[in-house]
There are 4 protein chains.
Amino acid sequence: MAGNSLGKEFMVTTFGESHGNIVGVLIDGCPAGLSLSEKDFQDDLDQRIPAQPKIVSSRVERDAAKMLSGVFNGKTTGAPIVITVENKEINSGDYEQIKNLPRPGHSDYSAHIRYGGFNDFRGGGRFSGRITVALILAGTVAKRMLGKYGIDVLAYTTSIGKVRSEKSFSVDEIRKNRGLAATRCPDLVCGKKMEEAIVAAKNAGDSVGGIIECIVLNVPAGVGDPLFDALDADLAKALFGISAVKSVEFGAGFGVAEMFGSQNNDTFLIKDCCVTSATNNAGGILGGISSGEPIVVRVAIKPTPSIGREQRTVNLLTMEETVLNVKGRHDPCIVPKAVPAVESAVAITLVDHLMRTGFIPKVLLDKKD
Amino acid sequence: MAGNSLGKEFMVTTFGESHGNIVGVLIDGCPAGLSLSEKDFQDDLDQRIPAQPKIVSSRVERDAAKMLSGVFNGKTTGAPIVITVENKEINSGDYEQIKNLPRPGHSDYSAHIRYGGFNDFRGGGRFSGRITVALILAGTVAKRMLGKYGIDVLAYTTSIGKVRSEKSFSVDEIRKNRGLAATRCPDLVCGKKMEEAIVAAKNAGDSVGGIIECIVLNVPAGVGDPLFDALDADLAKALFGISAVKSVEFGAGFGVAEMFGSQNNDTFLIKDCCVTSATNNAGGILGGISSGEPIVVRVAIKPTPSIGREQRTVNLLTMEETVLNVKGRHDPCIVPKAVPAVESAVAITLVDHLMRTGFIPKVLLDKKD
Amino acid sequence: MAGNSLGKEFMVTTFGESHGNIVGVLIDGCPAGLSLSEKDFQDDLDQRIPAQPKIVSSRVERDAAKMLSGVFNGKTTGAPIVITVENKEINSGDYEQIKNLPRPGHSDYSAHIRYGGFNDFRGGGRFSGRITVALILAGTVAKRMLGKYGIDVLAYTTSIGKVRSEKSFSVDEIRKNRGLAATRCPDLVCGKKMEEAIVAAKNAGDSVGGIIECIVLNVPAGVGDPLFDALDADLAKALFGISAVKSVEFGAGFGVAEMFGSQNNDTFLIKDCCVTSATNNAGGILGGISSGEPIVVRVAIKPTPSIGREQRTVNLLTMEETVLNVKGRHDPCIVPKAVPAVESAVAITLVDHLMRTGFIPKVLLDKKD
Amino acid sequence: MAGNSLGKEFMVTTFGESHGNIVGVLIDGCPAGLSLSEKDFQDDLDQRIPAQPKIVSSRVERDAAKMLSGVFNGKTTGAPIVITVENKEINSGDYEQIKNLPRPGHSDYSAHIRYGGFNDFRGGGRFSGRITVALILAGTVAKRMLGKYGIDVLAYTTSIGKVRSEKSFSVDEIRKNRGLAATRCPDLVCGKKMEEAIVAAKNAGDSVGGIIECIVLNVPAGVGDPLFDALDADLAKALFGISAVKSVEFGAGFGVAEMFGSQNNDTFLIKDCCVTSATNNAGGILGGISSGEPIVVRVAIKPTPSIGREQRTVNLLTMEETVLNVKGRHDPCIVPKAVPAVESAVAITLVDHLMRTGFIPKVLLDKKD
């Protein structure tokens, strides 16, 4: 079974390896008639390069999208869209030593077993954070589509290590502030402390995790296919497709376990002749179907497994315990880079479900784009 | 797009409504040669009836499985297996009043919009906890299959409301103790406090949530299809297919957000000539592929939305705000009943992935079963 | 991989065995709001009983549909619809002798290998013509749906053995005449000769094949997903899902091999302000997409493999050659019974594709049905 | 629903347009450990250039494959394999005139409707015969895989127009002779007459169709998933994915309609301690499952729709009838070029089904390749 595809109607398949020539994505099922050009991808690609590069790996990836198919006269045709980004500044020699020494916390060992040792292990191959570039390319297309229907997807950092932002912000503030912050946290004061936490971890030869929240505004009620293709189920599947994600929660999330029904139930109200609710503990999804309230989902991102410190591991050839010093350039915190990936996974899944329920047609009727 | 199916090779499709004649499941792709009879389902079905029924709804569901196809001479044939359970003691009149008054916290409103009002709203229809019976029927088949390969799936309650069990138990203790406890918590002392919390909620006309943990032992390393059909992604999708689940986490889960890489990375070790790890923060899954360590997954179950107290809601006909008094029999806590559902979702997903990677063949070669 | 499902959005999964208790079908993805009751299935089920039963097997199957789920207040709910038909008058003893003696022309041998001998061999099990009852149940639902959109699907016999009808008939004539004819051939004169051919074959302890044509009127242009989910590709897949089909052709079919482009190309015309064509060699499908002309597809049905004569075969236990006398009741010609199955396969595929391209919505907006 | 993918476990998705920069293919699910390099594709690509180019279009396409991902150290890794071929010598101006004048026999009109006019119409875009290059790229990988298991797939021309070869040849003769023949017919004498038929059609400003047969040797018995994922059903689906195919038949094919059961049934025999059959009217497939006999499938290829003669058509802008003179370079017969495409469609489907039933594992155990 294949396994590299996401979505049924808006089907996204990624390809490429961290240290191969390219990473890329094939989108099958994108409606015809959407304006799309190579420059549309730049903003999202640039989001992976934090405003203050000192907190990240010294590997600077300047990415540019190349569209190989599916667009004609500036608009999507309904045929598969293939977009690639070249991998530059690759130094595969850095990784040769770890071929038989699986890095703790990485997929090196499990992938070695799964693929009989044939997997491209350089830089983690298919499991590298680099692969999220492919997800982000598809996310750009998905977000452009959602934009045509007034739907807004927005991810941002809410915690790094033990530094947690508790303030809430408007959508406009989030969008503006996260662009200013290396950590992609809209709370700029808190963001400074997050940066310090990352620098401290880096200086200690260590790394640190964090939390990303994603909200989606203006999703109509009635989107989602129960039971197993529930909207929350498919969002979670897409988000766990980002390897560093270890937890996914909606609305009140884990908090529901300690709540009473009378607290957790979101009271329905009428506002401007529409049904709405007083609270949004459900995170905008009830019974796997959107309720019309904002969708709110949070993921926990694990600390980068590649750290500067010496670690104990095993040698798969000799089956003896040994020590490992991971060389190469590593991000002490991948949370900021994961922000556009989370946003993309959510956007792709929403377009897919909006198409499944017929909100987005197979051909965009408004030919003005 | 359909939407009621789970799995690709071991494909489970549920059907039936809470207040229809039956609930049932169709399993397509079950390998030929597995011994299976109607009595095999009884234990799992009975798990939904807690040891001490006073803490649950007065509706007693004595369920019995009926196999309609796919088994010949006591063994699966490779053809689709259909299993049904009759719905008894249905009093649909209880629900007629709520037709246009969506219950807060329920899918009543979102389902009404999604299905244009044609959905069977009685007792929540397709969204009722009753539908998990279908999942449990498939789970029984999946667990029998896993048992042939020495793989053990075990779910149990770890918290109800604010009562949380911190003790750890052996597999044998878990299996034995959870059978004794109305709450399905292997920590019997803690379980008593949980019962008290449930009774207190019930007496207050309220309900309470909780946490279920599920472990899987003896899964070989190398199971899972990255990226989007990752083992954790598919487990999460299956678990969010249970409507009451609002959060899914693996291993250290949300905790990774506050950890350093040096804490979170599970050091590889050699033990008995095999690769193992000193800790299991990864919850047995690295890069979406099983690592050979126990799989550990936790879900948060929301408090039952149906509560005895009067609640505010809206009338969908008049589009006015109103109050709602939900009659009928309600569980003050659905956590114990959700335990076998969680176990089933995990077991089904594992069989599917073990088939995908070829660990379980299409025909069981050992004809002795 | 499962394998018993047809369609993506209107997904039909059949279950049951020839000599089990039931045969049935699960339809997932049927739009909400379609009127449906058990009596709606009777006409199609009765089509399998020819007007003059003397030309068929003495096994008279009076079938009645039972709906188990997915319909509420007389309308589909959007949830999975399960429909079953009981198997009556089963005499499994008739088939016990052939357990290890595969019948020539049947799937007995290939199924035995595929399922490791675990398959239910009685009466062909899953491979019996009896299983087409399940297809016909789904076909009834599909045809009701198409009827709401003015689309007409009509299959009929055009040849039995060497007796071939060359006359063409109007849709009304076809519908009326085929009901009168045991052979389901609208050419009643020719139909009499077909009956004679069948009786002759029966008297000779033999069987005979034939051709079924199916036309679909009023399909809008623009339906079909190239390349691999082309409308003709999916129609062919569905039709080859009927085991006795050995050939599928569209429009001029095999004839195109001998044609010049100037003959085969259907000239486009304008008629009543619409695009149409002077001829229909394409059979209504160009590039895998409907052209707006009638869809015309023909299938060849092989002669019933079970014949009265003694045949040579092998004994799978002793691996020696032997002779076989097939007992039991056999149709000397399955072509008439296959007519509603062909119609159903075509109707199901069309509903699926009309849903994929958005012509049929997920909820039927016209609530009057 | 996407629609550009073929196969479930060995999933092939094509992309690119006739007059875009590239055509290509993404293969997801290819087992790890298969030796593969860019030069492996050349033979199959060259098959599209007939030995005597005078009978084809003057557009000479020298194609070279470029592998973008999925191969490491000369072997497949289990990750998606992307292969592209550049489009050269494109003169899109030739086609601009036909934008609103759909060519009879082509998909121009149906595609225009399906994609709301956004489709890339140049040279037929996605519907051009050029797109079969992508299928052939995947076919090369599939045939290499089959070769490891001793399975041989071989397609060849059996008729062009009214010239039909009735002789049968050995596999070795077929392979040798078809390389020598511009028509890809192993009967070299007959092939000369076929060439004459093509030249005659060309000189008359016309085109001509033909028949391609494909045989597969050494497929084990027991491959195929009844009912709807039957081996013949999936082969037919793949073959109708080639736009010019209007008919598909197996074994005796349409001939079964005129046969008696006693003629059509293939008598089982024992030969060398194995089950075999005296004849092969079934074409190697019984009940949708391979029988162990050679698989024999035939397709009818329609005459090239683009012809030199003036044709009547309609203007989609003015909705008036008009005449069309198709310029550009056209093959008077696409049958020879379709031979490798047919072979590829069959090979891809077989690998997919051999993987589904477990004959081909997810990782090739024999690491020597």
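The following refers to the structure shown. Note that the structure is predicted; figures quoted are calculated from it, not measured.

Overview of the sheet that holds strand β7 (residues 81-86) of chain A
Residue and element names in this part refer to chain A.
Piece 1. If you walk across this open sheet you meet the five strands as β1-β2-β3-β7-β4, and the pairing is antiparallel. Of all the strands in the sheet, the pair left with one neighbour each is β1 (5-6) and β4 (65-69).
Piece 2. As paired strands, β1 and strand β2 (residues 11-16) are joined by two bridges and run antiparallel to one another. Counterpart to Leu6 in the pairing with β2 is Val12.

Concerning the interface of chain C and chain D
Piece 1. Each partner contributes residues to the interface: chain C has 107 residues there, and chain D has 106 residues.
Piece 2. Both sides together, the interface formed by chain C and chain D hides about 8500 Å², and carbon and sulfur atoms give 62% of it.
Piece 3. The salt bridge partner of Glu258(C) is Lys162(D), with a shortest N-O separation of 3.5 Å.
Piece 4. Of the residues in the side of chain C that touches chain D, the class split is 51 nonpolar, 32 polar and 24 charged.
Piece 5. With three bridges connecting them, strand β11 (residues 245-250) of chain C and strand β11 (residues 245-250) of chain D associate as antiparallel partners.

Focus on the relation of the copies chain C and chain D
Piece 1. Screw-axis analysis of chain C against chain D gives a translation of 0.0 Å along the axis, an RMSD of 0.0 Å, and a rotation angle of 180°. Such values leave the two copies arranged in the relation of a two-fold axis.
Piece 2. The overlap is high: 99% of the interface residues of chain C also sit at the interface in chain D, so the same surface is used on both sides.

Let's talk about the relation of the copies chain C and chain B
Piece 1. Overlay of chain C on chain B (RMSD 0.0 Å): rotation 180°, translation along the axis 0.0 Å.
Piece 2. Interface overlap between copies is the fraction of interface residues in one copy that are interface residues in the other; for chain C against chain B it reaches 100%, indicating a shared surface.

Quick word on the sheet that holds strand β11 (residues 245-250) of chain B
Piece 1. With antiparallel pairing, ten strands are arranged side by side in an open sheet as β9(A)-β8(A)-β10(A)-β16(A)-β11(A)-β11(B)-β16(B)-β10(B)-β8(B)-β9(B). What marks the edges here is a single partner per strand, and that holds for β9 (163-164) of chain A together with β9 (163-164) of chain B.
Piece 2. Sheet topology places strand β10 (residues 210-217) of chain A next to strand β16 (residues 295-301) of chain A; seven bridges connect them, and they run antiparallel. Of the residues in β16(A), the one forming a bridge with Val216(A) is Ile295(A).

Considering the interface of chain C and chain B
Piece 1. Listed by partner, the interface residues are 43 residues for chain C and 43 residues for chain B.
Piece 2. With both sides pooled, the region where chain C packs onto chain B buries about 3500 Å², and carbon together with sulfur makes up 66% of that total.
Piece 3. The interface formed by chain C and chain B includes zero salt bridges.
Piece 4. For the pair chain C and chain B, the number of links is six residue pairs in polar contact (both at pLDDT 80 or more).
Piece 5. For the side of chain C that touches chain B, the elements supplying multiple residues, two or more each, are β2 (11-16), β3 (22-28), β4 (65-69) and β6 (75-76) of chain C.
Piece 6. At five residues, the largest contribution of residues to the side of chain C that touches chain B is made by β2(C).
Piece 7. Tallied by class, the residues present in the side of chain C that touches chain B amount to 17 nonpolar, 15 polar and eleven charged.

What to know about the environment of Ile307(C)
Piece 1. Examined against the element boundaries, Ile307(C) turns out to sit in the loop between β16 (295-301) and β17 (311-315).
Piece 2. Along the sequence, Ile307(C) and Ser243(C) sit 64 residues apart, while their C-alpha atoms lie 17 Å from each other.

Examining the pairing of β11(B)
Residues and elements named next belong to chain B.
Piece 1. For β11, a buried count of six out of six residues is recorded, marking the element as mostly surrounded by other parts of the structure.
Piece 2. Bridge count between β11 and strand β16 (residues 295-301): five bridges; the pairing is antiparallel. Note that in β16 the partner of Ser247 across the bridge is Ala300.

Observations regarding the packing of aromatic side chains
Piece 1. Evaluated as defined, the whole model comprises twelve aromatic pairs over all chains.
Piece 2. A centroid spacing of 5.2 Å and a plane angle of 90° characterise the contact between Phe250(C) and Phe240(D), whose relative ring orientation is edge-to-face. Residue Phe250(C) is found in strand β11, and its partner Phe240(D) is found in helix α7 (residues 231-240); the two belong to separate chains. Of the two residues, Phe250(C) and Phe240(D), both sit in the buried class.

Brief notes about helix α4 (residues 132-148) of chain A
Residues and elements named next belong to chain A.
Piece 1. For α4, with 17 residues, the first-to-last C-alpha span of 24 Å sits near the 24 Å given by 1.5 Å per residue.
Piece 2. In terms of burial, α4 is a largely internal element, 14 of the 17 residues being buried.
Piece 3. Once α4 ends, the next one or two residues include Gly150, with phi positive near 75°.

Structural notes on helix α6 (residues 188-203) of chain D
All names here are of chain D.
Piece 1. With 16 residues, α6 ought to run about 22 Å at 1.5 Å a step, and its terminal C-alpha atoms sit 22 Å apart, in line with that.
Piece 2. For α6, every residue scored as buried is listed here: Cys190, Gly191, Met194, Glu195, Ile198 and Ala201. The buried residues of α6 all sit within an arc of 150° when viewed along its axis, so they share a single face. Facing away from the buried side of α6, by more than 90 degrees, are the exposed residues Val189, Glu196 and Asn203.
Piece 3. Buried-residue contacts for α6 involve β8 (152-160) and β9 (163-164).
Piece 4. Where α6 terminates, the next one or two residues include Gly205, which has phi positive at roughly 65°.

Focus on the packing of helix α7 (residues 231-240) of chain C against helix α9 (residues 335-356) of chain C
Two measures define how a pair of helices packs: the angle their axes make with one another and the distance between the axes.
All names here are of chain C.
Piece 1. Running from N to C, α7 and α9 point in directions that differ by 145°, and their axes come no closer than 9 Å. Along this stretch, α7 crosses α9, giving a crossing that reads as right-handed. Of the residues in α9, those touching α7 at Leu231, Asp234, Leu235, Ala238 and Leu239 are Val342, Ala345, Val346, Thr349, Leu350, His353 and Arg356.
Piece 2. Among the residues forming the contact of α7 with α9, the class breakdown is eight nonpolar, two polar and two charged.

About the thresholds
- Residues numbered from 1 in each chain as written.
- Chains lettered and ligands numbered in written order.
- Predicted model: local features only at pLDDT ≥ 70, side-chain atom pairs only at ≥ 80, totals over all residues.
- Heavy atoms only, no water.
- Pairing = 2+ DSSP bridges.
- Helix = DSSP H or I, 4+ residues; strand = E, 2+ residues; numbered from the N terminus.
- Contact = heavy atoms within 4.5 Å.
- Buried area = accessible area lost by both parts, 1.4 Å probe.
- Salt bridge = Lys/Arg side-chain N within 4 Å of Asp/Glu carboxyl O.
- Nonpolar A, V, L, I, M, F, W, Y, C, P; charged D, E, K, R; others polar.
- Least-squares fit on C-alpha atoms with pLDDT ≥ 70 in both.
- Polar contact = N/O pair within 3.5 Å; in protein donor to acceptor, adjacent residues only side chain to side chain.
- Buried < 20%, exposed > 50% of the residue type's maximum accessible area, 1.4 Å probe, protein only.
- Phe/Tyr/Trp six-rings, centres within 6.5 Å; stacked < 30°, edge-to-face > 60°.
- Expected span 1.5 Å × (residues − 1).
- Arc of directions from axis to C-beta.
- Axes fitted to C-alpha atoms, helices over the stretch in contact; angles between N-to-C directions.
- Left-handed = near helix turned anticlockwise from the far one by under 90°.

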